[in-house]
Amino acid sequence: MDYRAARDDRGTGADVWVSAIIGLVFLMLGWNFAKYLGAALTGRTYQTNVTWTAGPKAGQAVAYPDLEGNPMLTDSAMFLFGLALVLEAVVLAVANGNARFKRPLVGVALAIAVAATAYNLYVAARLFSGGLLPLQSLLAVAFGGYIAANQWRMFQDLGSGRGSASAGALGR
């Protein structure tokens, strides 16, 4: 007997909001990376408001990738994971409807969730090797694995015609 069809969808609305809110928090944590990316794509210089104090570059602005402690790595990891969570919220909202594009959307969200989780794992390893404790990236790896597992199950369910988006990112 297939019990997946009898899942309770009442929590999905809350799952959408939780994913969206936490996703927005992670986007804000990585907002410096978004500003850097915007500046780089438009040909502008991103100002870090930090200058070199010694060496051949003394007095010059420090580039974002050169800042001590690798904030670019952390910021980019937080921003990417925030995007994955916001997309998760969209997927959960759309997957319960009658949209035809549910399965491709879940597939894209799954790919982004896996990429964000893998990237956060990479960032955590890099920061660990530098003697730092990357708590945010470790949380992103834990939640990202959970999100990816739920999206994989949803992707399979939609392919078999049993599609329901009852299991959310952080709700169950």
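The structure reproduced in this document is the subject of the present report. These numbers were taken from a predicted model, which means no experiment stands behind them. (Residues numbered from 1 in each chain as written. Predicted model: local features only at pLDDT ≥ 70, side-chain atom pairs only at ≥ 80, totals over all residues. Heavy atoms only, no water.)

### Things to note about unusual backbone geometry
1) Next: One non-glycine residue, Asn49, lies in the positive phi region at around 60°.
2) Next: As for its position among the elements, Asn49 is in the loop between α2 (31–41) and α3 (71–95).
3) Next: Classification of Asn49 as exposed rests on a relative accessible area of 72%. (Helix = DSSP H or I, 4+ residues; strand = E, 2+ residues; numbered from the N terminus. Buried < 20%, exposed > 50% of the residue type's maximum accessible area, 1.4 Å probe, protein only.)

### Regarding the side chain of Thr48
1) Next: Following the sequence through the fold, Thr48 ends up in the loop between α2 and α3.
2) Next: By relative accessible area, which is 13% here, Thr48 ends up buried.
3) Next: One polar contact links the side chain of Thr48 to the main-chain carbonyl oxygen of Val62, over a distance of 2.6 Å.
4) Next: Not counting residues within four places of it along the chain, the set of residues in contact with Thr48 comprises Val62, Ala63, Tyr64 and Leu67. (Polar contact = N/O pair within 3.5 Å; in protein donor to acceptor, adjacent residues only side chain to side chain. Contact = heavy atoms within 4.5 Å.)

### Some words on a nonpolar patch on the surface
1) Next: Together, Trp17, Ile21, Leu24, Val25, Met28 and Leu29 make up an exposed nonpolar region whose accessible area comes to about 640 Å².
2) Next: Position of Met28 among the secondary structure elements: in helix α1 (residues 12–29).
3) Next: Met28 sits in the exposed class, given a relative accessible area of 61%. (Patch = residues over 30% accessible without salt bridge, like charges linked within 9 Å, V, L, I, M, F, W, Y side chains within 5 Å. Areas by Shrake-Rupley, 256 points an atom, 1.4 Å probe, with all protein chains shown as cover. Salt bridge = Lys/Arg side-chain N within 4 Å of Asp/Glu carboxyl O.)

### Overview of the environment of Trp17
1) Next: Relative to the elements of secondary structure, Trp17 occurs in helix α1.
2) Next: For Trp17, a relative accessible area of 61% corresponds to the exposed category.
3) Next: In this structure, the C-alpha to C-alpha distance between Trp17 and Leu92, residues 75 residues apart in sequence, is 9.8 Å.

### Here's the deal with the packing of aromatic side chains
1) Next: Inspection of the entire model under this criterion finds nine aromatic pairs.
2) Next: Where Trp152 meets Phe155, the ring centres are 6.1 Å apart and the plane angle is 25°; that geometry is what we call stacked. With a gap of three residues between them, Trp152 and Phe155 both fall in helix α5 (residues 135–159), about one helical turn apart.
3) Next: Residue Trp152 is classed as partly exposed on the basis of its relative accessible area, which comes to 44%.
4) Next: An aromatic cluster is built from Trp31, Phe33, Tyr36, Tyr46, Tyr64 and Phe79, whose rings are joined through pairwise contacts.
5) Next: One cation-aromatic arrangement involves Arg103 over Phe155; the distance from NZ or CZ to the ring centre is 3.8 Å. (Phe/Tyr/Trp six-rings, centres within 6.5 Å; stacked < 30°, edge-to-face > 60°. Lys NZ or Arg CZ within 6 Å of the ring centre and 35° of its normal.)

### Some words on the nonpolar core
1) Next: One finds Phe26, Phe81, Leu85, Val123 and Ile147 to be the most contacted residues of the largest nonpolar core, which totals 13 residues.
2) Next: At the level of elements, α3, α4 (102–129) and α5 are the ones that each hand at least two residues to this core.
3) Next: The greatest single-element share of this core, amounting to six residues, is contributed by α3.
4) Next: Sequence-distant contacts of Phe81, that is, excluding residues within four places in its chain, are made with Phe26, Ala116, Asn120, Ala140, Phe143, Gly144 and Ile147.
5) Next: In terms of nonpolar packing, the next biggest core, distinct from the first, is built from twelve residues, Ala89, Leu92, Val106 and Ala109 among them. (Core = buried A, V, L, I, M, F, W, Y, C linked by side-chain atoms within 4.5 Å.)

The quantities given are spatial measurements derived from coordinates; they are silent on function.
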